[in-house]
Amino acid sequence: MRDVLYLEQIEQAEALLKPQRIEVLRQLAEPRSCTEVAATLGQTPQRVYYHVKRLVDAGLATQVAERKVRGISEGIYQAQARSYWLSPRLVGRIGLRKAQDELSLGYLLDLMEEVQADIGALDRTAPELPSIGVSGEIHIRPERRQEFLDDLQSTLQELFTRYGGAEGDAFKLAVACYPKGEER
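Rules of the game
Residues numbered from 1 in each chain as written. Predicted model: local features only at pLDDT ≥ 70, side-chain atom pairs only at ≥ 80, totals over all residues. Heavy atoms only, no water. Helix = DSSP H or I, 4+ residues; strand = E, 2+ residues; numbered from the N terminus. Buried < 20%, exposed > 50% of the residue type's maximum accessible area, 1.4 Å probe, protein only. Areas by Shrake-Rupley, 256 points an atom, 1.4 Å probe, with all protein chains shown as cover. Pairing = 2+ DSSP bridges. Salt bridge = Lys/Arg side-chain N within 4 Å of Asp/Glu carboxyl O. 1 Å grid on protein atoms, 1.4 Å probe; cavity = no way out; pocket = protein on both sides within 12 Å on 5 of 7 lines; lining within 4 Å. Points joined across faces, edges and corners; volume = space filled by probe spheres on them. Nonpolar A, V, L, I, M, F, W, Y, C, P; charged D, E, K, R; others polar. Core = buried A, V, L, I, M, F, W, Y, C linked by side-chain atoms within 4.5 Å. Contact = heavy atoms within 4.5 Å. Patch = residues over 30% accessible without salt bridge, like charges linked within 9 Å, V, L, I, M, F, W, Y side chains within 5 Å. Axes fitted to C-alpha atoms, helices over the stretch in contact; angles between N-to-C directions. Parallel < 35°, antiparallel > 145°, perpendicular 65-115°, else oblique. Left-handed = near helix turned anticlockwise from the far one by under 90°. Expected span 1.5 Å × (residues − 1). Arc of directions from axis to C-beta.

Going by an unreviewed UniProt entry, the protein chain carries the name Helix-turn-helix domain-containing protein and comes from Asanoa ishikariensis.

Caption draft 1: Summary view of the overall build of the protein chain. Of the regular secondary structure elements, the protein chain holds seven helices and five strands. Split into buried and exposed, the 184 residues of the protein chain put 23% on the buried side. Here the protein chain has roughly 14,100 Å² of accessible surface; of this, 52% comes from carbon and sulfur atoms.

Caption draft 2: Inspection of the sheet that holds strand β4 (residues 72-79) at higher detail. Here three strands make up an open sheet; going across it, the order is β2-β4-β3 and the pairing antiparallel. Strands with a single pairing partner mark the edges of an open sheet, and in this sheet they are β2 (32-33) and β3 (61-69). As defined by bridge partners, β3 adjoins β4 across eight bridges and the pair is classed as antiparallel. Along β4, the bridge assignment pairs Ala61 with Ala79.

Caption draft 3: Examining the pattern of salt bridges more closely. According to the stated counting rule, one finds 10 salt bridges in the structure shown. Two residues, Asp57 and Lys53, come together in a salt bridge whose shortest N-O distance is 3.2 Å. With Asp57 and Lys53 both in helix α4 (residues 45-57) and four residues apart, the pair spans about one turn of that helix. By relative accessible area, which is 33% here, Lys53 ends up partly exposed. The salt bridge partner of Glu158 is Arg162, with a shortest N-O separation of 2.6 Å. Remark: Arg162 and Glu158 occur in helix α7 (residues 145-163); sequence separation between them is four residues, near one turn of the helix. Salt bridges sharing partners connect three or more residues here, namely Glu36, Arg67 and Glu74.

Caption draft 4: Layout of unusual backbone geometry. Despite not being glycine, Arg70 shows a phi value in the positive range, around 50°. Locating Arg70 in the fold gives a position in the loop between β3 and β4.

Caption draft 5: Focus on the layout of surface pockets. One number sums up the size of the second largest pocket: a volume of about 270 Å³. Of all the secondary-structure elements, those providing two or more residues to the lining of the second largest pocket are α3 (34-41), α4, β3 and β4. Broken down by element, the residue count for the lining of the second largest pocket peaks at five residues, all from β4. When the residues that make up the lining of the second largest pocket are grouped by side-chain class, the tally is six nonpolar, four polar and three charged.

Caption draft 6: Local environment of the nonpolar core. By size, the foremost hydrophobic cluster in this structure holds 20 residues, and its most contacted members are Val24, Leu25, Leu28, Val48, Val52, Leu60 and Tyr84. When residues of this core are traced back to their parent elements, those giving at least two are β1 (2-7), α1 (10-16), α2 (19-27), α3, α4, β4 and β5 (81-86). Ignoring anything within four residues of it in the chain, the contact list for Leu60 reads Leu5, Leu7, Gln12, Ala15, Leu16, Leu25, Leu55, Ala79, Gln80 and Tyr84.

Caption draft 7: Just a nonpolar patch on the surface, in detail. A surface patch of nonpolar side chains, about 480 Å² in accessible area, is lined by Leu159, Phe160, Tyr163, Leu173 and Val175. Relative to the elements of secondary structure, Leu159 occurs in helix α7.

Caption draft 8: Summary view of the packing of α3 against α4. It is the contact of α3 with α4, at a shortest axis distance of 8 Å, that shows an interaxial angle of 115°. By the angle between their directions, the pair α3 and α4 is classed as roughly perpendicular. Here the hand of the crossing between α3 and α4 comes out right-handed. When α3 is examined against α4, the residues Cys34, Thr35, Val37 and Ala38 are found in contact with a partner set consisting of Pro45, Val48, Tyr49 and Val52.

Caption draft 9: Quick peek at α4. For α4, spanning 13 residues, the distance from its first C-alpha to its last is 18 Å, which sits close to the expected 18 Å at 1.5 Å a residue. Inspection of α4 places Val48, His51, Val52 and Leu55 among the buried residues, and these make up the whole buried set. Buried residues in α4, looked at end-on, bunch into an arc of 100°, giving them a common side. Those residues of α4 that are exposed and aimed more than 90 degrees away from the buried face are Gln46 and Asp57. In this fold, the buried residues of α4 make contact with α1, α2, α3, β3 and β4.

Below you can see the structure in the form of structure tokens.
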């Protein structure tokens, strides 16, 4: 079972975004039959099988085994991942947004979507996944904003120049700077 499954197909999202299927999928964190899931959820095995079939068709669950119960074959199913990420592309965007330059919020949304997709596609079973995440808050007076952005851009350009050769392992670097919103 994978840690994360990144969903990019509308059929996967449609299969996942039904409350009953989410409950069935939670029960399939460990291999179980439809009868076992039905007993836990207080539903009929037929109803659970209907949801499991949709989850399997969408690639969100898989049949991992089969056993005979009183002469009848019974499938054992398991969820494909512990968690699921929906691509922002599936949700769509409200209104028209023109990313005129790299400072636009539209570009930042596209950048974060790309980062999410890249991380979702990593092989989480690899013995080593060297990565780093840094987050912080800075305060800049309006008259110094451009100076800060120029410094940030030159620092990043220096890093890209110093480490941007064709040899070695490839890493992606994404930097975002945006106004801090209200506390949630």
